[in-house]
Amino acid sequence: MKLLLRNIKQLLQVRDNSIDKVSGAEMKSLPLIENAWLLLKDGLIADYGPMSNMPDYQGFKTIDCTGKMVLPSWCDSHTHLVYAGNREQEFVDRINGLSYQEIAEKGGGIVNSAKTLQQTSEQDLYSQSAIRLEEILKQGTGAIEIKSGYGLTTEAELKILRVAKKLGENYPIKIKKTFLGAHAIPTEFKNNKDAYLDLVCGEMMQKISEEKLADYVDIFCEEGYFTVADTERVLEAGKKHGLSPKIHVNQFNAIGGVAAGVKHNALSVDHLEILNDDDISVLKGSNTMPVALPSCSYFLSIPYTPGRKIIDAGLPLALATDYNPGSTPSGNMNFVVATACIKMRLTPEEAINAATINGAYAMGLSASHGSITKGKVANVLITKKIPSYGFLPYAFGSNNIDQVILKGKTLE
Ligand SMILES: [Zn+2]
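What comes next concerns the included structure. (Residues numbered from 1 in each chain as written. Predicted model: local features only at pLDDT ≥ 70, side-chain atom pairs only at ≥ 80, totals over all residues. Heavy atoms only, no water.)

### Overview of the sheet that holds strand 13 (residues 318-319)
Moving on, step 1. The 8 strands are arranged 6-7-8-9-10-11-12-13 in an open sheet whose pairing can be described as parallel. Each edge of the open sheet carries a strand with a single partner, namely strand 6 (74-76) and strand 13.
Moving on, step 2. As defined by bridge partners, strand 10 (residues 244-249) adjoins strand 11 (residues 268-271) across 4 bridges and the pair is classed as parallel. From the neighbouring strand, I247 faces strand 11, where its bridge partner is V269.
Moving on, step 3. Across the sheet, helix 7 (residues 228-240) is in contact with strand 8 (174-182), strand 9 (216-221) and strand 10; its angle to strand 9 comes to roughly 175°. (Pairing = 2+ DSSP bridges. Helix = DSSP H or I, 4+ residues; strand = E, 2+ residues; numbered from the N terminus. Contact = heavy atoms within 4.5 Å. Axes fitted to C-alpha atoms, helices over the stretch in contact; angles between N-to-C directions.)

Here it is, written out as structure tokens:
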């Protein structure tokens, strides 16, 4: 199976030598080839170059990309795409003046979603989630991480991860799975958090590792949810089951979760809306990717992650959606890239790097995804005819994607 893209106005994010991530000032550069061709073969990127030196390829299926840009598919390293029902009533409650924390105290929030999910069959959960996945494929996402954490019982947490696994088997997208049992304290354990953590670190992790249902472990390290000590406990238990950490920290308060993540060699620390200088220092020289979720800030009207400050400190940054029913009912990476430019003052080059190669890093996928590099998976976007790549974040409300190619095949 061969597919040739020719007359590409600009082929973006071309990295001849595979890199795992880009940091600091390097993020300002987005390597590209003007007037390019790209050959995809057997689901992989086979070759590319400028039109002036294209070999005389005959008999291949060809797409003419005149006036269009081609770039690697988005890599969305933080989602909760498998969930049941929706929470538009809480959205209205917030418009009427309740805070996210007040809604949680009223029995809404994550615990509310968990109740719905517990009562939803695995088949129904799969169908609801598949609709969302199909939508984001069309929006250009080619690799995604999906977390559990909307179940909060052993059975329901396993159900989410089984659905995520099945989605990965049935759709042409790479899915990484994260166990987030410690997402909230279920009502039954309201006054006995330690007993719930016993369940998370005991039975839940045991069964998940037996069925090989997760790659990573996560926890919501936040006031009113889980402490730094809880975080360390869960990460240590995860390690025993072969799960590396990717954690929720510093969404509302900086309580030392970033340092705990770095100490446990977390692959990523996500949210970071409230970030202090100590957090930035501790990230320097670590292997941990900071991840910003700007559409969550947009939806909740909370501060944006100080992405400018993170990059200016020489650190890398990845962008992800946080697709979930409570704080980000959207999996649109195009909107995330635009919002990072508009609200976090990232340049288009920085935002595209953050949403491709650095997103891949935050899922342990930079060897196979996130750039135009020979041998990587043939996941690319073809834009509509646009004047420049800066037009992607600039025209933030438009659908600028013309075609999506996943594993070398056009998505119908
Ligand atoms: Zn999240």
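Still more ground to cover, so stick around.
### What to know about the coordination of the zinc ion
Moving on, step 1. Donor atoms from the polypeptide that coordinate the zinc ion comprise H78 (NE2), H80 (NE2), H248 (NE2) and D322 (OD), at 2.1 to 2.2 Å from the metal.
Moving on, step 2. For the zinc ion, the 4 donor atoms are set out with angles of 85 to 168° between them, so the coordination reads as irregular.
Moving on, step 3. Sequence spacing among the residues donating to the zinc ion works out to H-x1-H-x167-H-x73-D. Remark: D322 occurs in the loop between strand 13 and helix 12 (333-344) and H78 occurs in the loop between strand 6 and helix 1 (88-95); sequence separation between them is 244 residues. Here H78 and D322 have matching classes, each one buried. (Donors = N, O, S within 2.8 Å, 3.2 Å for Na, K, Ca; no water. Tetrahedral: all angles 85-135°; square planar, octahedral: opposite > 155°, others 65-115°. Buried < 20%, exposed > 50% of the residue type's maximum accessible area, 1.4 Å probe, protein only.)

### Details of the nonpolar core
Moving on, step 1. With 106 residues, the main nonpolar core has L81, V82, L167, F179 and L319 as its most contacted residues.
Moving on, step 2. Those residues within four positions of F179 in sequence are excluded, and the remaining contacts are S148, E157, L161, V200, M204, M205, I208, A214, Y216, V217 and D218. (Core = buried A, V, L, I, M, F, W, Y, C linked by side-chain atoms within 4.5 Å.)

### With respect to the packing of helix 6 (residues 193-210) against helix 7
Moving on, step 1. At their nearest, the axes of helix 6 and helix 7 sit 10 Å apart, and the two run at 15° to each other. As far as their axial angle goes, helix 7 and helix 6 are roughly parallel. Here helix 6 runs over helix 7; the crossing is right-handed. Where helix 6 abuts helix 7, its residues K193, D194, L197, D198, C201 and M205 lie against D230, R233, V234, A237 and G238. (Parallel < 35°, antiparallel > 145°, perpendicular 65-115°, else oblique. Left-handed = near helix turned anticlockwise from the far one by under 90°.)

### Topic: helix 1
Moving on, step 1. For helix 1, the full list of buried residues reads E90, D93 and R94. For helix 1, the angular spread of buried residues about the axis comes to 100°, placing them on one side. In helix 1, those exposed residues whose orientation departs by more than 90 degrees from the buried face are E88, Q89 and I95.
Moving on, step 2. For helix 1, the secondary structure elements touched by its buried residues are helix 2 (100-105), helix 3 (109-118) and helix 10 (294-300).
Moving on, step 3. In the stretch just after helix 1, G97 is the one whose phi turns positive, near 115°. (Arc of directions from axis to C-beta.)

### Observations regarding the environment of I146
Moving on, step 1. Structurally, the position occupied by I146 is in strand 7 (residues 141-147).
Moving on, step 2. C-alpha of I146 to C-alpha of A362: the two residues are 216 residues apart in sequence and 12 Å apart in space.

### Quick word on the state of the cysteines
Moving on, step 1. Per the stated rule, a full pass over the model turns up 0 disulfides.
Moving on, step 2. No disulfide involves C296; its nearest neighbouring cysteine sulfur is the one of C221, lying 16 Å away.
Moving on, step 3. With no disulfide of its own, C341 lies 17 Å from the sulfur of C75, the closest cysteine sulfur.
Moving on, step 4. Among the residues examined, C341 registers a relative accessible area of 15% and is labelled buried. (Disulfide = S-S within 2.5 Å.)

### Quick look at a nonpolar patch on the surface
Moving on, step 1. Judged by side-chain polarity, F91, V92 and I95 come together as a nonpolar surface patch covering roughly 270 Å² of accessible area.
Moving on, step 2. By the element assignment, V92 lies in helix 1.
Moving on, step 3. When its relative accessible area of 35% is taken as the criterion, V92 is described as partly exposed. (Patch = residues over 30% accessible without salt bridge, like charges linked within 9 Å, V, L, I, M, F, W, Y side chains within 5 Å. Areas by Shrake-Rupley, 256 points an atom, 1.4 Å probe, with all protein chains shown as cover. Salt bridge = Lys/Arg side-chain N within 4 Å of Asp/Glu carboxyl O.)

### Structural notes on unusual backbone geometry
Moving on, step 1. Phi is positive for N250, which is not a glycine, with a value near 60°.
Moving on, step 2. Positive phi is not limited to glycine here, since S301 has a value of about 55°.
Moving on, step 3. Counting through the fold element by element, S301 comes out in the loop between helix 10 and helix 11 (307-312).

### A short note on the packing of aromatic side chains
Moving on, step 1. For the structure shown, the criterion picks out 8 aromatic pairs.
Moving on, step 2. Geometrically, the ring pair formed by Y83 and Y323 is edge-to-face, given 6.3 Å between the ring centres and 75° between the ring planes. Here Y83 is found in the loop between strand 6 and helix 1, whereas its partner Y323 is found in the loop between strand 13 and helix 12, with 240 residues between them in sequence.
Moving on, step 3. Relative to Y225, the ring of F220 lies with its centre 4.3 Å away and its plane at 45°, an arrangement referred to as tilted.
Moving on, step 4. On the basis of relative accessibility, which here comes to 14%, the residue Y225 falls in the buried class.
Moving on, step 5. Aromatic ring contacts, followed pair by pair, group W37, Y57 and F60 into a single cluster.
Moving on, step 6. The side chain of K246 reaches across the aromatic face of Y216, ending 6.0 Å from its centre. (Phe/Tyr/Trp six-rings, centres within 6.5 Å; stacked < 30°, edge-to-face > 60°. Lys NZ or Arg CZ within 6 Å of the ring centre and 35° of its normal.)

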